[in-house]
Number of protein chains: 2
Amino acid sequence: MATACLAGPFRPLRWSQIGEDALAKRITLADIALRSGLSVSTVSMVLNDRPGSRIPESTALRVRDIAKELGYAPDRTARGLRTGRSEAFGFISDEVTVTRYASAMVRGLLDAAEDSNYSVLIAETDNQSRRVEAAIRLMRTRRIDGILVGLMRARQIDLPGDIGGLPALIVNGKVDGVVSVLPDEYRAGLDAVHYLVSRGHRRIAFVGRAPEHLDPRVSWTIGRRVAGIDDAMADAGLSFVHEVGGVEWEPELGDHAAAEIFDRRDATAIITANDRIAFGVYRKARERGVEIPFEVSVLSFDDEQLASYMRPQITTMRLPYLEMGRIAAECLLERIGGGGKVAGRLVHEQDEILVPMPLIERDSVATIS
Amino acid sequence: MATACLAGPFRPLRWSQIGEDALAKRITLADIALRSGLSVSTVSMVLNDRPGSRIPESTALRVRDIAKELGYAPDRTARGLRTGRSEAFGFISDEVTVTRYASAMVRGLLDAAEDSNYSVLIAETDNQSRRVEAAIRLMRTRRIDGILVGLMRARQIDLPGDIGGLPALIVNGKVDGVVSVLPDEYRAGLDAVHYLVSRGHRRIAFVGRAPEHLDPRVSWTIGRRVAGIDDAMADAGLSFVHEVGGVEWEPELGDHAAAEIFDRRDATAIITANDRIAFGVYRKARERGVEIPFEVSVLSFDDEQLASYMRPQITTMRLPYLEMGRIAAECLLERIGGGGKVAGRLVHEQDEILVPMPLIERDSVATIS
DNA sequence: GCCCGCTAGGCAAGCGGTTGCCATGCGATC
DNA sequence: GATCGCATGGCAACCGCTTGCCTAGCGGGC
């Protein structure tokens, strides 16, 4: 690594700095106090417009003017020291930031934090409990006000490391005694089948069932997805014309399953348990000259990035990572009690907050009559 | 959004908290001072083992023991207030966190920060200068020690917002007067062609040239990639048997280009300017029954996630986002002077730090004789 | 006997806010 | 004219840590 810093033509030692002098002076309450002839405490009261302080509007106005003119911004470090609140929360993930699946979650929570003027401390732990512990410890020394744990795949875990007393939520996962934000998979399973049925399909195949996924330590949600699908099928008085099981939800399963299904020629629609399987189905279809959706429709789950490359564009039930991130952060901020916009909204606590999985209607499902 | 918090069955108001009492008492220097009969300042000196302080080893040992026993961890807020350094830096990106391309960058810099016990404050700005300014301002109020700017696609930008006096680096981009960490595209272009030539290819086609990409505001690096390719071809005494230009580097360009190239039957290898184009080429190849790499080899650039889905697995020049993130953070920490492991390594400043783009050799290039 | 110097460690100021409590001035009241 | 009370706003402690400077105590040299 170090060597890379030395690559390229040699130049004399110099570091990039812009506007050196801007660091010289940082505006404090004392500056405003001096300028206004008031005391630091009065200025503080005004700028936080503290209820109960009896400062006449004229004075307050003057103070605010001076503050604006000087470009005052409170030092969060100092404030944090005094109040014990940092106006920042932590986000600990297994590998959310780096994966193709769930990085939108980070975006969602960053957005929510920004709305409340909160900062987010992020740590990735690669599922190593040593790193989780270290991250929590480090964050606590920064006096974070709360903590969010995010998982790449929704499953049950134990949380190593002490989050004692800190408000906490887990996004896309399950930890005993901690509130979860989860995708509403059961509902999505239901919706998926209803959609297909509403488009006239009655001969439906399903790819991806695997009992292994029912273990909560493997997945906390897949069981619900499948249960939703099964229940909706039963409600519609249908059963699958063909099923191909498989633990590894990768394109190869789709290849293989599609070959079977195409050979039998009995399904008008295929539900794939995720987009990667659907990708394999697409690949096989192209190979065989089977036209989607005219000869067979495909309905999938997840809407990961991969989906954007598939032609025709695939219709899929989206995993709402962005929304989950945002909602989790909003709920956390509400719990903390500091979130500007969120404050004052009463939220009734549950174990699980379910976020809808929207049907992203694109071009892979045909209507048949 | 709010409504999502109310989804699911109603439960009484309760918030998830673990070990309520752990928050009760936080160990401070004063606690250690009390226990050891020493003064707070002495304890501080010991725990920071400040050079120049003349504390006998026996005392130091005792203090360290007590600190460990009590589980002391310094309050970074308080320390930061006193020292003016937060041991945190900021990362401002356009949309790095959320995109399929570059999120590994975040991982790299998180890892480097962790090694030095630094925290990272992350903000995404969606390219809105208003949000960039806000992010910088917010971070400054937290007294960050330095700032990293990360871009999804390497291009030249102006930095709105005042980073006055703060050490800064830009990752995968160019800002006047700020040091950049960039992929070594010229070298990669060279290497790509050399590789193909070394495998016996002399009739090579190229897909993706576009003069529009030469504008530094569009791309700071594509020009170098193409220049590397061109120079290596010239060095080898070759010229492309066919070229298909295109500004939009999407699968459709690959579809279209592959059709042309397959029709002419004169190329043994295709260089695609990026993986998405290669994806289109693959798609067309499957449609036409053209076997990669036996009938035609494909060499690509980027190694984005998409590449992992392509069969046969594609050989490509990887954009080293993880390393770029790590190196940028290490250099920033060195500049700050606080980075544990990094401290003391002298880095000579340049305008650009070039990170090698490794050839990821997989299965899409055949050797011909 | 006095002074010097060294060792070991303490004092207290401050970083920039927040906050409980007190002080001043003024008109109104008795 | 003394008292009261309210409207304004100041004082100072404190959050936990760092750091410049000072001190107590002791042994040794002249």
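Everything below is about the structure printed above this text.
Parameters at a glance
Residues numbered from 1 in each chain as written. Chains lettered and ligands numbered in written order. Predicted model: local features only at pLDDT ≥ 70, side-chain atom pairs only at ≥ 80, totals over all residues. Heavy atoms only, no water. Helix = DSSP H or I, 4+ residues; strand = E, 2+ residues; numbered from the N terminus. Buried < 20%, exposed > 50% of the residue type's maximum accessible area, 1.4 Å probe, protein only. Pairing = 2+ DSSP bridges. Salt bridge = Lys/Arg side-chain N within 4 Å of Asp/Glu carboxyl O. Near = heavy atom within 4 Å. Polar contact = N/O pair within 3.5 Å; in protein donor to acceptor, adjacent residues only side chain to side chain.

Caption draft 1: Geometry of the environment of H194 of chain B. Residue and element names in this part refer to chain B. Residue placement: H194 occurs in helix α7 (residues 185–198). For H194, a relative accessible area of 37% translates into the label partly exposed. Once the C-alpha coordinates of H194 and A232 are considered, the two residues, 38 residues apart in sequence, prove to be 6.8 Å apart.

Caption draft 2: Structural context of the pairing of strand β1 (residues 88–93) of chain B. Residues and elements named next belong to chain B. Within β1, 6 of the 6 residues are buried, which leaves the element mostly enclosed by the surrounding structure. Every second residue of β1 is oriented toward a common face, with A88, G90 and I92 on one face and F89, F91 and S93 on the other, all of them buried. Across 6 bridges, β1 lies against strand β2 (residues 119–124) in parallel orientation. In the sheet register, F91 faces β2, and the bridge partner there is I122. Bridge count for β1 against strand β3 (residues 147–150) is 4 bridges, and the pairing is parallel. If you follow I92 over to β3, its bridge partner there is V149.

Caption draft 3: Structural view of the pattern of salt bridges. Throughout the structure, instances matching the rule amount to 66 salt bridges over all chains. Put simply, R131 of chain B and D111 of chain A hold a salt bridge, and the shortest N to O gap is 3.1 Å. Of the two residues, R131 of chain B sits in helix α6 (residues 129–141) while D111 of chain A sits in helix α5 (residues 103–115), which places them in two different chains. An identical accessibility class is assigned to R131 of chain B and D111 of chain A; each is buried. Between D302 of chain A and R225 of chain A there is a salt bridge, and its shortest N-O distance comes to 3.0 Å. Taken together, the positions of D302 of chain A in strand β9 (residues 297–302) and R225 of chain A in helix α8 (residues 222–235) put the pair 77 residues apart, joining distant regions of the chain. For the pair D302 of chain A and R225 of chain A, one class covers both residues: buried.

Caption draft 4: A look at the protein's contact with DNA strand D. Around DNA strand D, the surrounding shell holds 26 residues, and the nearest of these are S39 of chain A together with L29, Y72, R79 and R82 of chain B. Across the atoms of DNA strand D situated within 4 Å of the protein, the share located in sugar and phosphate is 67%. S39 of chain A is positioned such that a nitrogen or oxygen atom in its backbone is 2.5 Å from a phosphate oxygen of DNA strand D. At a separation of 2.7 Å, a phosphate oxygen of DNA strand D approaches a polar side-chain atom of T42 of chain A. Elements supplying a minimum of two residues to the surface near DNA strand D: α2 (40–47) and α4 (76–83) of chain A together with α2 (40–47) and α4 (76–83) of chain B.

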